[in-house]
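Okay, here's what each chain looks like letter by letter:
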Amino acid sequence: MKQSIHTIIIGAGAAGMMAAAVAGQRGAKVLLIDHAAKIGEKIRISGGGRCNFTNMALDGSDASPFFVSQNPRFVRPAMSAYTAQDFMHILRAHRVRYHEKHKGQLFCDDSAQNIIDVLRVECDKGHVQWRTSCSVTGVRMINDSLGMRFELDTSTAGTWRCANLIIATGGLSIPAIGASGFGYALAEQFKHTIVPTAPALVPLTFAEWSKNGWAELAGLSLPVRISTGEGKKIMSFDEDILFSHKGLTGPAVLQISSYWQANTSIALNIQSDAHLEQLLCDGKLGAKIQLDTALSQLLPNVPKRLLNHILTRPEFEKYAKHKWADVSDKVLRQLAQHFNHWTLMPSGTEGYKKAEVTRGGVSVKELHNGTMASKLCDGLYFVGEVVDVTGWLGGYNFQWAWSSGVAAGRAV
Ligand code: FDA
């Protein structure tokens, strides 16, 4: 038997649950379907188990600088209609305690499960129906006398008809906990354009990392300015990098990975002092110490292991034990350049298994920015990570899930 309902949401993650709660509380009859047995798994594992659920920078002012998309300005209406403060308000109402950790990032004091519980209760308030461990095996457009526009076949819940269909199936990262390409395939079925997808907020890998001895620095962490791109499109972050056995990770690298394009370089400034070249060239006059000693005195914040490693590079190796005063300005300038603009060519990323999010997705050009509704198909909506909107590290992706979910939940 075919059943009918006002709105079906596919994907019971952050965006789907938020959309369901809002639509249900506004009086819509809502069915939420997820193929996973457990809901909100990404929320549960996020932020080291404490969920970095928003960022205080998202206070209703222009949010677009914190997002990567073919059109970052697309996020503005949804993000100003539902802000970080609005989400904090719900948490406070449920007595969930949280704290700021770093650069406006808010985390639960206790556990990410608090957020899942809040969303579950909010859905219950809206009498949302659930089907978990249930796959949608086919979606067709229909036009029946009750105003139903879609018919869905499911693996365990039979066939359903609905007037509105919200796709909240997320991106491709971490397939082990339910990520799938379903949302992209469905968007294409309805003639939507998919901006090519790629892992983002992901560690970068480098060819011959171990062979060149970099793997020996695994575990070493230091603050840098990291950049990629050229001219007006240059993007930089001031954060920490972490050396790993495969390449580079840490917040600086995750942030830049969302902007990095294959076959282009990244640059690290590991010494914030812009006058290093001058210090090295002028300071050498009359100096009796060796170059390696001079460098460790001039760069106290650069870990010794990294300094030594750089000084074993072929272009510097023979000068490391030279008297500083005897090293030519040309070599010192080259050395300064290395610390201020160390160029590296990533060979790739650690992929969707390690990526926090997926870059690309359903093109924002074919969605209405205030409602997330499709411009191509009445009654169809896309929310959360499946859309070509990728936030910075730091709670921006969850806030996008909440804000876009609310936009669709209010619109259906
Ligand atoms: P989400 O992935 O949450 O939900 C999609 C749902 O759809 C899942 O329940 C899935 O099972 C279901 N689904 C998929 N395919 C389906 C199908 N074919 N049929 C039915 N259901 C289907 N962000 C942030 O802001 N702060 C943070 O601290 C972190 N931390 C973090 C850590 C890790 C390890 C990861 C992987 C990611 C993060 N993120 C994050 C990113 C954040 O988790 C992500 O942006 C949001 O969960 C996206 O919310 P969505 O609801 O769009 O997708």
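Nothing here was measured: the structure is a model prediction, and the numbers come from that model.

**So, the pairing of strand S19 (residues 357-362)**
Most of S19 sits out of view: six of its six residues are buried. In terms of strand pairing, strand S11 (residues 194-200) meets S19 through five bridges, oriented antiparallel. Across the sheet, residue isoleucine 194 finds its bridge partner in S19, namely valine 362.

**Digging into the nonpolar core**
Counting 135 residues, the largest nonpolar core has Phe243, Leu306 and Trp402 as its most contacted members. Leaving out residues up to four positions away in the same chain, phenylalanine 243 has contacts with Trp209, Trp214, Leu217, Ala218, Gly219, Leu220, Leu222, Leu248, Leu306 and Trp342. Residues Leu201, Leu254, Val357 and Leu393 belong to the second largest nonpolar core, which totals five residues.

**A word on the site of the ligand**
The full set close to the ligand counts 31 residues, and Ala15, Asp34, Ser180, Glu385 and Phe398 are the nearest of them. Between the ligand and alanine 14, the relevant distance is 3.1 Å, taken from an oxygen atom to a main-chain nitrogen or oxygen of the residue. A distance of 2.8 Å separates an oxygen atom of the ligand from a polar atom in the backbone of alanine 15. When the free accessible area of the ligand is taken as 990 Å², the share hidden by the protein chains comes to 92%. Where the shell around the ligand is concerned, the elements lending two or more residues are helix H1 (14-25), helix H2 (41-45) and helix H13 (396-411).

**Observations concerning the environment of threonine 156**
As for its placement among the helices and strands, threonine 156 is situated in the loop between strand S9 (150-154) and strand S10 (159-167). Given the relative accessible area of 56%, threonine 156 is considered exposed. Residues threonine 156 and threonine 132, 24 residues apart in the sequence, show an inter-C-alpha distance of 9.1 Å. Setting aside residues no more than four positions away along its own chain, threonine 156 makes contact with Ser133 and Cys134.

**Quick word on the pattern of salt bridges**
Under the defined criterion, the tally for this structure stands at 16 salt bridges. In this structure, aspartate 62 and arginine 76 form a salt bridge, with 2.9 Å as the shortest nitrogen-oxygen distance. Taken as a pair, aspartate 62 in the loop between strand S3 (52-55) and strand S4 (67-68) and arginine 76 in helix H3 (residues 76-81) lie far apart in primary sequence, 14 residues in all. Under the relative-accessibility criterion, aspartate 62 is labelled partly exposed at 37%. Looking at arginine 76, the relative accessible area reads 37%, which means it is partly exposed. Residues joined by salt bridges that share partners form a network here, namely Lys2, Arg140, Asp144, Glu151, Asp153 and Arg161.

**Side note on the sheet that holds strand S14 (residues 235-243)**
One open sheet accounts for seven strands, arranged S17-S16-S13-S14-S15-S12-S18; its pairing is antiparallel. Every other strand in the sheet has two partners, leaving strand S17 (342-344) and strand S18 (348-349) as the edge strands with one partner each. Running at roughly 105 degrees to strand S16 (residues 266-269), helix H12 (residues 329-340) makes contact with S16 and S17 of the sheet.

**Examining the pairing of strand S6 (residues 105-108)**
Burial along S6 is two-sided: the residues Gln105 and Phe107 and Leu106 and Cys108 are all buried. In this structure, S3 lies alongside S6, joined through three bridges in antiparallel fashion. Following the sheet pairing, asparagine 52 is matched in S6 by phenylalanine 107. In terms of strand pairing, strand S5 (residues 98-100) meets S6 through three bridges, oriented antiparallel. If you follow histidine 99 over to S6, its bridge partner there is phenylalanine 107. The turn joining S5 and S6, which pair antiparallel and follow one another in sequence, is formed by four residues; a positive phi near 50 degrees is taken by lysine 103.

**Points about unusual backbone geometry**
A positive phi angle is found at lysine 103, which is not glycine, with a value near 50 degrees. Secondary-structure assignment places lysine 103 in the loop between S5 and S6. Residue lysine 191 is not a glycine yet carries a positive backbone phi of 70 degrees. Inspection of the secondary structure puts lysine 191 in the loop between helix H6 (182-189) and S11.

**So, the layout of surface pockets**
Taken as a whole, the second largest pocket holds about 660 Å³ of empty space. Forming the boundary of the second largest pocket are 24 residues, of which Val68, Lys233, Ser258, Tyr259 and Gln261 lie nearest the centre. Those elements giving two or more residues to the lining of the second largest pocket turn out to be S4, S11 and S19. The element that contributes the greatest number of residues to the lining of the second largest pocket is S11, accounting for four residues. Looking at the lining of the second largest pocket residue by residue, the class counts come to ten nonpolar, ten polar and four charged.

Basis of the calculations
- Residues numbered from 1 in each chain as written.
- Predicted model: local features only at pLDDT ≥ 70, side-chain atom pairs only at ≥ 80, totals over all residues.
- Heavy atoms only, no water.
- Buried < 20%, exposed > 50% of the residue type's maximum accessible area, 1.4 Å probe, protein only.
- Helix = DSSP H or I, 4+ residues; strand = E, 2+ residues; numbered from the N terminus.
- Pairing = 2+ DSSP bridges.
- Core = buried A, V, L, I, M, F, W, Y, C linked by side-chain atoms within 4.5 Å.
- Contact = heavy atoms within 4.5 Å.
- Near = heavy atom within 4 Å.
- Polar contact = N/O pair within 3.5 Å; in protein donor to acceptor, adjacent residues only side chain to side chain.
- Areas by Shrake-Rupley, 256 points an atom, 1.4 Å probe, with all protein chains shown as cover.
- Salt bridge = Lys/Arg side-chain N within 4 Å of Asp/Glu carboxyl O.
- Axes fitted to C-alpha atoms, helices over the stretch in contact; angles between N-to-C directions.
- 1 Å grid on protein atoms, 1.4 Å probe; cavity = no way out; pocket = protein on both sides within 12 Å on 5 of 7 lines; lining within 4 Å.
- Points joined across faces, edges and corners; volume = space filled by probe spheres on them.
- Nonpolar A, V, L, I, M, F, W, Y, C, P; charged D, E, K, R; others polar.

Purely spatial values, then, with no claim about function.
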